[in-house]
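Listed below, chain by chain, are the residues.
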Amino acid sequence: MALTSPVKEHPYSHLIDTLKDGNLKFFNPLKLSDQRYDKLPLSIRVLLEAAIRWCDGFYTKQEDVQNILDWQQQQNKAEVPFSPARVLLQDFTGIPAMVDLATMRDAVSKHGMDPGVVNPKCPTDLIVDHSLQIDYSKCAIQNAPNPGGGDGLNQSQGPSRLIPSRPPSRGGSHCGGQRSSCSKPACSDPPASSGQPGPPSVQQIENTPLLCPFHMQPVSEHEIAFKNQEMELNRNKERLQFFKWCSKAFKNVNVIPPDVGAVHQVNLEYLSRVVQVSDGLIYPDSVVGTDSHTTMINGLGILGWGVGGIESEAVMLGQPVSLTLPHVVGCKLVGSINPLTTSIDIVLGITKHLRQAGIAGKFVEFFGPGVSQLSAPDRTTIANMCPEYNATVSFFPVDQVTLKHFKKTHFSQEKLELLESYMKAVKLFRSYDDPSEDPEFSEVIEINLSSMVPYVSGPKRPQDRVAVSNMKEDFQSCLDEKVGFKGFHISKEKQETRIPFLHCGQEYQLAHGSVVIAAVISCTNNCNPSVMLTAGLLAKKAIEAGLVVKPYIQTSLAPGSGMVTHYLNTSGVLPYFSQLGFQVIGYGCATCVGNKAPLPEAVVDAVKQGDLVACGVLSGNRHFEGRLCDCVRANYLASPPLVVAYAIAGTVGIDFEKEPLGLSSDGKEVYLRDIWPSREEVQQTEEDTVISSIFKDLRGRMEKGNTFWNNLESPDSVVFPWDHKSTYIRSPSFFSKLSKEVPPPQSIENAHALLFLGDKVTTDHISPAGSIARVSTAAKYLMSKRLTPREFNSYGARRGNDAVMTRGTFASIKLQNRFIGKPGPKTLHIPSGQMLDVFEAADRYQRDGVPLIILAGKDYGSGNSRDWVAKGPYLLGVRAIIAESFEKLHKNQLVGMGIMPLQFQSGQNADSLELNGKERFSIVMPESMSPRQQLTVKTSQGKSFLVTALFDTETDIVLFQHGGLLRYVARTLL
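Residues numbered from 1 in each chain as written. Predicted model: local features only at pLDDT ≥ 70, side-chain atom pairs only at ≥ 80, totals over all residues. Heavy atoms only, no water.

*Asks:* Any chance you could break down the overall build of the protein for me, citing the residues and the numbers?
*Replies:* Secondary structure assignment for the protein yields 31 helices and 36 strands. Buried residues in the protein amount to 56% of all 974 residues. Considering only contacts in the protein between residues 6 or more positions apart, those separated by 24 or more positions represent 74%. Taken as a whole, the protein presents about 40000 Å² of accessible surface, with 48% of it coming from carbon and sulfur. (Helix = DSSP H or I, 4+ residues; strand = E, 2+ residues; numbered from the N terminus. Buried < 20%, exposed > 50% of the residue type's maximum accessible area, 1.4 Å probe, protein only. Contact = heavy atoms within 4.5 Å. Areas by Shrake-Rupley, 256 points an atom, 1.4 Å probe, with all protein chains shown as cover.)

*Asks:* A description of the pattern of salt bridges should follow, citing residues and the corresponding values.
*Replies:* Enumeration according to the criterion identifies 34 salt bridges in this entry. The salt bridge partner of glutamate 420 is lysine 424, with a shortest N-O separation of 2.7 Å. Of this pair, glutamate 420 and lysine 424 are both found in helix 14 (residues 413-425), 4 residues apart, which corresponds to roughly one turn of the helix. Classification of lysine 424 by relative accessible area gives partly exposed; the value is 43%. Several salt bridges share partner residues, and in doing so they unite Lys780, Lys826, Asp837 and Glu840 into one network. (Salt bridge = Lys/Arg side-chain N within 4 Å of Asp/Glu carboxyl O.)

*Asks:* Run through the nonpolar core, naming residues and quoting values.
*Replies:* For soluble globular proteins, nonpolar side chains are generally found buried alongside one another. Core analysis: the biggest nonpolar cluster contains 183 residues, and Phe242, Trp305, Leu754, Phe810, Tyr860 and Met900 have the highest contact counts within it. The dominant element in this core, judged by the number of residues it contributes, is helix 5 (residues 91-110), at 9 residues. Leaving out residues up to four positions away in the same chain, leucine 754 has contacts with Phe819, Thr827, Val838, Ala841, Ala842, Tyr845, Leu852, Ile853, Leu876 and Val878. (Core = buried A, V, L, I, M, F, W, Y, C linked by side-chain atoms within 4.5 Å.)

*Asks:* Can you break down the confidence of the model for the protein residue by residue, with the values?
*Replies:* Mean pLDDT over the protein stands at 84; residues scoring 70 or higher make up 83%. Ignoring residues within four places in sequence, the model shows residues 1-7, a span with pLDDT below 50, making 12 contacts including any to other chains. Confidence over residues 623-627 falls short of pLDDT 50; this stretch has 24 contacts with residues more than four positions distant or in other chains. (pLDDT = per-residue confidence, 0-100.)

*Asks:* Pulling in residues and values, what's your account of the packing of helix 16 (residues 529-544) against helix 20 (residues 640-649)?
*Replies:* Contact geometry for helix 16 and helix 20: axes closest at 7 Å, N-to-C directions at 25°. Put simply, helix 16 runs roughly parallel to helix 20. Of the residues in helix 20, those touching helix 16 at Val531, Met532, Thr534, Ala535, Leu538 and Ala542 are Pro640, Pro641, Val644, Ala645 and Ile648. The residue inventory of the contact of helix 16 with helix 20, partitioned by class, reads 10 nonpolar, 1 polar and no charged. (Axes fitted to C-alpha atoms, helices over the stretch in contact; angles between N-to-C directions. Parallel < 35°, antiparallel > 145°, perpendicular 65-115°, else oblique. Nonpolar A, V, L, I, M, F, W, Y, C, P; charged D, E, K, R; others polar.)

*Asks:* Describe the environment of arginine 844, with residues and values.
*Replies:* Its place among the elements puts arginine 844 in helix 27 (residues 838-847). On the basis of relative accessibility, which here comes to 24%, the residue arginine 844 falls in the partly exposed class. Each C-alpha atom, one on arginine 844 and one on histidine 829, is 8.4 Å from the other, the two residues being 15 residues apart in sequence.

*Asks:* Go over the packing of helix 10 (residues 343-357) against helix 11 (residues 376-384) with me, naming the residues and quoting the values.
*Replies:* Here helix 10 crosses helix 11 at 35°, and the two axes come no closer than 10 Å. In this structure, helix 10 meets helix 11 at a crossing whose hand is right-handed. Here Ser343, Val347 and Ile350 of helix 10 lie close against helix 11, whose contacting residues are Asp378, Thr381 and Ile382. Residue composition of the contact of helix 10 with helix 11, grouped by class: 3 nonpolar, 2 polar and 1 charged. (Left-handed = near helix turned anticlockwise from the far one by under 90°.)

*Asks:* Could you give me a rundown of the sheet that holds strand 32 (residues 878-883), with the residues and numbers involved?
*Replies:* One closed barrel holds the 7 strands; their spatial order is 28-31-32-33-36-35-34, and the pairing between them is mixed. On average, each strand axis in the sheet is inclined to that of its neighbour by 40°, with strand direction left out of account. The pairing of strand 31 (residues 852-855) with strand 32 spans 4 bridges and is parallel. Residue isoleucine 853 lies in a different strand from strand 32, and its bridge partner there is alanine 880. (Pairing = 2+ DSSP bridges.)

*Asks:* Can you break down helix 10 residue by residue, with the values?
*Replies:* When the terminal C-alpha atoms of helix 10 are compared, their 21 Å separation across 15 residues agrees well with the 21 Å that a helix rising 1.5 Å per residue should span. Those residues of helix 10 that fall on the buried side of the exposure criterion are Ser343, Ile344, Asp345, Ile346, Val347, Gly349, Ile350, Thr351 and Leu354. (Expected span 1.5 Å × (residues − 1).)

*Asks:* Give a detailed account of the sheet that holds strand 11 (residues 286-289), specifying residues and quantitative values.
*Replies:* As a general point, the strands of a sheet are linked pairwise by backbone hydrogen bonds and lie either parallel or antiparallel. The 5 strands lie next to each other as 8-5-4-11-12, forming an open sheet whose pairing is parallel. In this open sheet, the two edge strands, each paired with only one partner strand, are strand 8 (253-256) and strand 12 (303-306). With direction set aside, neighbouring strand axes in the sheet form an average angle of 15°. Of the strand pairs in this sheet, strand 5 (residues 124-127) and strand 8 are connected by 4 bridges, and their pairing is parallel.

*Asks:* Which residues make up the environment of lysine 237, and what are the values?
*Replies:* In this fold, lysine 237 is placed in helix 7 (residues 237-249). Residue lysine 237 is classed as partly exposed on the basis of its relative accessible area of 40%. Sequence spacing of lysine 237 and leucine 712 is 475 residues, and the spatial spacing of their C-alpha atoms is 8.5 Å. Apart from residues no more than four positions distant in its own chain, lysine 237 is found in contact with Phe708 and Leu712.

*Asks:* I'd like to hear about the pairing of strand 14 (residues 328-334), residue by residue, with values.
*Replies:* For strand 14, the tally of buried residues reaches 6 of 7 residues, placing the bulk of the element in the interior. In the sheet, strand 14 pairs with strand 15 (residues 363-367) via 5 bridges, with the strands oriented parallel. Note on strand 15: the bridge partner recorded for glycine 330 is glutamate 365. After leaving strand 14, the chain enters helix 10 and then returns to the sheet as strand 15, a path that is right-handed. Bridge count for strand 14 against strand 17 (residues 443-448) is 6 bridges, and the pairing is parallel. Bridged to lysine 332 within strand 17 is glutamate 446. (Right-handed = clockwise from strand over helix to strand, strands pointing away.)

And the structure:
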C-alpha cells in the first residue's frame, strides 16, 4: 500500500519509521516488539515485511501478518499472500500479459473513461531477448559426418539457402601421416573422388566461410551474432513493434530492447536492486519471474522465484502470489575449502547434497561461517541450481560480500550506504561468522566444505569420478584391471615401458599415463569466470616460476564466448595461457568432438610402438575412449586449471601433494601448491575485472540501444491500433459485454460436457505449447490467413493471438478423452453424435448458446504453470470443471479466469455416480456464497449430487463474481 493513502487508514501505520535523516520512511517490523521476529529465517522476514506494507484488508489481511509472524507454528499450514516488488517477464510469456492490458484499455475507453489509467500496478520489467533461434553458427555445416547416424541434412530446415562446399576427405593421410593411426583426416587431404561411394557432400549456409569439418576456423563472432540477430528481428518485427508501443504507452513497464542480454543476465546484472525506493518508502527488492531460473537472484539477497505467465500477470494487476508458509531448511556451511577445489566443485557438491536431502517445494536458506568463503557469483550459481534439487528458493542473506559485489557494479557509494543502513535496521543483514544471529529453521543440513575435493572423470566414461588426490593410484589400477569400463589390462612387465622419440630436434620419452592432449575447450564450465581465471592465474604463476609445457603436447584454448576471451585479456592472464601453449583457437565444439589437428607423427609412432595408454585431459562435459584420437585411449575430464596442471606435469600418474610439477629455471622443484592461486586472489580478480567489465558492457548496451529497435516505428496512441490482418497480435474477448455493475450470480442450466477426462490431466494436455501440427485447427486458421506451414512458427511465438491459442487448447495428441476412447485432440459433439476437434465442438456449442462443463478425475491441472491453461478453457466457453481433485495452483488460475472449480464429495467420482458424460448438467448458484460452499448438480437423467465450490477465501468469491481478475480490475477503473 502506497504511503499516499492517509497513514491512519493503514493498520500498521504505527510501525512506520524513518531513515536517512528522515527523508525515507519504512515499515519497521522490530516495532512489533515481538521476540518471534528475531527467530524467523530472513527469507520469511521478507515475506512478513511485504505483508505488513501491503495489508489492505482485501488481498492481505492482518491475520496473514500474524500467521507469518507465527511461522514456527503455521509453516506448511497457513496460506499467505506475497506481493513482490517487481515482475520479470521474458518475451514469450510477456506478450499475452501486455495484450490483455492493451485490450483492457479498449474496454475502459468504451465506457468513456481515460484508457491511460490502465497500467500494471506492480513495476514490470520485460526482457525481449529470452529465446534466440540460431540460423547461423560458426561452423554452419549441415551434413558433416554424423556419428549418430541418419541424414545429416535436415530437409525441413528454414529458409536459409544452402551452397555446396568442398567435401571432407575419406582417403589419404590420417592423424600421424600415412600410418593410419587415427581416423581423423587432415586438412591437407585431397577431396574424395566423385566416383567413390561415401557420405553426401558437406553443405554450408550461404555467406559463411568454407570450413574443414574437423579443423574448423571460426568466422567473425560479430558477424554470426549480427546475422542471427537480424533474422530474429525481422521474424518477430510485429511483436517487437507491439513491445515498443508498450514501452511508450504504459507506466510501470520497462522494456529491455533486443541485443542487450538474456532475461537471467539482465535481471542479475542490471535490474537487481536489493532495496527499492518508491514514493518516499524504502523496502526490500523481491521478484517473481516467468522462468524457473529466476532463483538465481537469491544469491544476491533478493527473494524471488519462478511462476507461470498467468500468475505473473495477476501480480502485475495487483494480486499477490498465494503460497503455503514453507518449511525453511537451513543449510549450514562449515569448514574451509580445499585450495584445489574450484567454484564448480563447490556448486556441484552442494547441489548433490541438497538433491539427496529431499527438499522439494521448500525454502533453503544458507548460514554458517562457510558462506563467507563464497563469492557473489558462487552464490548466484548455487541459487540458479534450485530446479536441480527442487527447492523453491535458495536464499543467501545480504552480507559484506554482497556489498563488495555491488560496489563493482552500478551502485554508488551513497546507495550502498543506504542499502546497508536499511537492511541492518530491519535485521535483514547478516554476519555469517556470528552464530548469535542464526535464526531457527524447520531443519538444518550441515555441509562441510572441506569434504568437497576436486575430481576428474575418466578414463573412459564421464560418470567414473576420481578424486585428484587418488589419481595416481587409480590410473595404476586401470592399467592392472581387465579391459572393461576402466581397465586396460597392461601386464606388469610392460607397465614401466618408456619410448624415446625426437620432436623438433629434441629427445623426449613417453610412458603409460603421458599426457599428449590438453584442451581447455568450449563448454558451460568455461563460462564460469572463477574457474577460467583460476586457470589463467595458474598459467601466469607457472610462467613466472619457469615452468613449461612440453612442446609435443597438443594444447588448445576454445573459450565459450568472446566475453570469456575479453575478461581473460582484461585480467592480464591471456598472454600467459599463450606462453604455455594454450592459444585461442576459436569458439565452438572442437577437441571434445574430435575436431582437432593431427598429433605429431613421432608421438603417434611412440604410442604405437610401446602400446602405450596415452592420455588426453580436457575441460569439456563428454569423453569416450578414442573419441579425441584413436591412439589416445585414456581421456579425463577436468576443470580448466587442472587441465593446465596436468599439461605442465606431462602425466596423469602424479601425486600433486608429494611430487613436483617440474623444475624451475634455476633447478628448484615446484609443486602445484606453490603456484595454485588462492580463492581470495581469484575472487579479487573476478570482482575487479570480470564483474566490473560485464556491468560496464551491459550499461553501455543499455544506453546505446539497438539500431533496429531505435529505428523501429511504433504507434504513439494511448490505445493500441489493432491490425485485424495480424496473426501474432490480436485483441482477445475477455472484456466483451463488460458492465460497470457486478452481474448477479448466474446459474448454469443444461450444460453439456465438452470433455470427459480421467486422472492426471496435466497443463501439457490443456495449454498449447511447441510446434503447430499441420492437421490442427490452429493450422487451419493460419492457412485461412494464407500462411504456409513453414510460416506457422510455434504456439509460444503466437501467444499474443487468442484465435491460435484457443484452437490449441486441449489439442494435445496425448489427451485421453473418455468420449473417444483413444488419445487425441478430439471430442464428441453430443447433440449430433459427431467426433470433432475440441475447438470445433466448443465453437458449435457456443453458437447454439449451450454452456459447457468438463468432467475429470484426480489431480486435474498438475504440472508446470502455463499462461493459457485457464484462458483457453474460458474462451472455449467452459463455465465449470467438476473433478475429484485439483492441482492447487491450477485451481487458483481457474478462479482468476471466472471458471468454477467444483470438487466431487469424498469417495465420489463420475463412475461411482454412474455418469456417462452425455447428460445435461444444471448447477444452481445462490445469491450469496461463502468459502467452500456445497452446491447441487442436477442432471437431465434425474440424478443430483453435491460438489464443493473450491473458493477458499472471500477474495476468491469476489473475483469469481466479477468474472475473473481481469474483469475485476477493469471494473475498479470504471
